[in-house]
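Each chain, letter by letter, is given below.
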Amino acid sequence: MSRSITSSTATAHAKPAARRNALPARLSPGMACDTAFRIIARRHLDAVLAQHDGTCRGDPDALHQIRIALTHLRTAIRFFSPMVDDARRPNVWAELKWLNGQLGMVRDLDVAIERVVAESGDELAVIAELQHWDEKRAESHRLLARALQSARYRRLVEQTSMWIDSGPWSTRRSKEAIRLRRRTLADHARERLTEWETTLLKKARKLKRLDVARRHQLRLLNKRLTYSVESLADLFADGAAAAKQKSMLKQLRKAQRSLGQLNDDVRGQALASSLNGAVLDAGHRFLNRKREKELLRTASVAYRKLDKAKRFRSSDLAPSSEPEV
């Protein structure tokens, strides 16, 4: 049997370097990218650890929050690519993806069960259906708790923490590697946010013609941009920049909610097909053409408003002239 691991134990394993305590508390525009990456990645790894015990106990909210934190962490790694693309990154990424997969099945069941309960009332057939789903949820949670208490999870925490602090990416001596680490956060953020926003809006113009798979990819792009803007909140300090960030996040979140609900519908339908067996088919609970049209319309309006807004400029992040130590 795997030895139990608590969030405090995991946090202790996640401090291999003294430099962790030396990191600034906040991001700043002139900060070097290597320091900024460590701050952002640390925040999200700590958030994963903070939800560990609750998730092991079966708390649905803790499960939701740990998935958000994990997605934030994976987004930060993408955001600072290629600076952090070293020999260890593929293994770190694979293990984070493994953890996300362990969390995903239970979360999908939580969402689907909530949907069935909310829309079904006290029908006897539904009660039987939910019993079957609850049994599957309990089984999936046992497997998840086992994964979160495993040696593999402990290694994931330790290795990810060490990689953030002192992975090969942080010591490569090529001119390009040094340039990427020393580049100001403001310069990198403006370029990355502009690139991701442009790509998102280009694909969003075809939203109503996208199939399920491409719509899912659009949702992921939306989530990456949203989480990146959220992670950079320290940079949007003054009135104009803060207002721009708030407006941008408002539209991104509207689109994200709609696309997320559409994705939940697809996942719920798939789960109903795979779990119900001889029980009355529940797939119809997740198929609603009118609902789909409304959600697509909401997302499309949000993207049009985002498209009309001004793109990021140097003044939005007010970069310092020199990188900060």
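Cut-offs applied
- Residues numbered from 1 in each chain as written.
- Predicted model: local features only at pLDDT ≥ 70, side-chain atom pairs only at ≥ 80, totals over all residues.
- Heavy atoms only, no water.
- Phe/Tyr/Trp six-rings, centres within 6.5 Å; stacked < 30°, edge-to-face > 60°.
- Helix = DSSP H or I, 4+ residues; strand = E, 2+ residues; numbered from the N terminus.
- Buried < 20%, exposed > 50% of the residue type's maximum accessible area, 1.4 Å probe, protein only.
- Salt bridge = Lys/Arg side-chain N within 4 Å of Asp/Glu carboxyl O.
- Axes fitted to C-alpha atoms, helices over the stretch in contact; angles between N-to-C directions.
- Parallel < 35°, antiparallel > 145°, perpendicular 65-115°, else oblique.
- Contact = heavy atoms within 4.5 Å.
- Nonpolar A, V, L, I, M, F, W, Y, C, P; charged D, E, K, R; others polar.
- Core = buried A, V, L, I, M, F, W, Y, C linked by side-chain atoms within 4.5 Å.
- Patch = residues over 30% accessible without salt bridge, like charges linked within 9 Å, V, L, I, M, F, W, Y side chains within 5 Å.
- Areas by Shrake-Rupley, 256 points an atom, 1.4 Å probe, with all protein chains shown as cover.
- Lys, Arg positive; Asp, Glu negative; His and termini not counted.
- Charge placed at Lys NZ, Arg CZ, Asp CG, Glu CD.
- Expected span 1.5 Å × (residues − 1).

Below, the discussion takes up the packing of aromatic side chains. How two aromatic rings sit relative to each other is set out by the distance from centre to centre and by the angle between their planes. Applying the stated rule across the entire model yields five aromatic pairs. Each ring, one from Phe 37 and one from Trp 163, has its centre 5.8 Å from the other, and the planes form 80°; the classification is edge-to-face. Linking Phe 37 in helix α3 (residues 33–50) with Trp 163 in helix α8 (residues 151–166), this pair joins segments that are 126 residues apart in sequence. Among the residues examined, Trp 163 registers a relative accessible area of 1% and is labelled buried.

Turning our eyes to something else, we now look at the pattern of salt bridges. Side chains carrying opposite charge are able to pair once their charged atoms draw close together. Taken as a whole and assessed by the stated rule, the structure comprises 14 salt bridges. Here Glu 191 and Arg 183 are joined by a salt bridge, their closest N and O atoms 2.9 Å apart. Overall, Glu 191 belongs to the partly exposed group, its relative accessible area being 46%. Note that Glu 230 and Arg 253 form a salt bridge whose closest N and O atoms lie 2.8 Å from each other. With Glu 230 in helix α11 (residues 212–231) and Arg 253 in helix α12 (residues 239–275), the pair connects residues that are 23 residues apart, well separated along the chain. You can call Arg 253 partly exposed: its relative accessible area is 36%. Overlapping salt bridges bring together Arg 26, Arg 43 and Asp 234 as one network.

Another point: the packing of helix α5 (residues 60–79) against α11. Contact pair α5 / α11: the axes reach a minimum separation of 9 Å and the direction vectors enclose 90°. The angle between α5 and α11 places the two elements in the roughly perpendicular class. The segment α5 lies against α11, with Ile 68, Thr 71, His 72, Thr 75, Arg 78 and Phe 79 engaging Lys 223, Arg 224, Tyr 227, Ser 228, Glu 230 and Ser 231. Residue composition of the contact of α5 with α11, grouped by class: three nonpolar, five polar and four charged.

Let us look at the nonpolar core. Leu 27, Phe 37, Phe 80, Leu 232 and Tyr 303 are the most contacted members of the largest nonpolar core, which totals 71 residues. Element by element, the count of residues in this core is highest for α3, at nine residues.

With respect to the helices, strands and loops of the structure, Gln 245 is situated in helix α12. Note on Gln 245: relative accessible area 11%, which makes it buried. With near-sequence residues (within four places) excluded, Gln 245 lies in contact with Val 229, Ala 233 and Phe 236.

Turning next to the environment of Asp 134. With respect to the secondary-structure elements, Asp 134 resides in helix α7 (residues 124–148). Counting along the chain gives 21 residues from Asp 134 to Ile 113, while the straight-line C-alpha distance between them is 7.9 Å.

To continue, consider the packing of α5 against helix α10 (residues 185–204). The geometry of α5 relative to α10 is characterised by a closest axis approach of 11 Å and an angle of 105° between their N-to-C directions. Here α10 runs roughly perpendicular to α5, going by the angle between their axes. Note on element contacts: α10 touches α5 through His 188, Ala 189, Arg 192, Leu 193 and Trp 196, opposite Thr 75, Arg 78 and Phe 79. Its residues assigned to classes, the contact of α5 with α10 comprises four nonpolar, two polar and two charged.

This part is about a positive patch on the surface. Judged by side-chain charge, Lys 208, Lys 246, Lys 250, Lys 293, Arg 297, Arg 304, Lys 305 and Lys 308 come together as a positively charged surface patch. For the positive patch, the elements supplying multiple residues, two or more each, are α12 and α13 (289–308). For the positive patch, the element with the highest residue contribution is α13, accounting for five residues. Looking at the secondary structure, you find Lys 246 in helix α12. Overall, the relative accessible area of 64% leaves Lys 246 in the exposed class.

We now examine α3. With 18 residues, α3 ought to run about 26 Å at 1.5 Å a step, and its terminal C-alpha atoms sit 26 Å apart, in line with that. Most of α3 sits inside the fold, with 14 of its 18 residues counted as buried.

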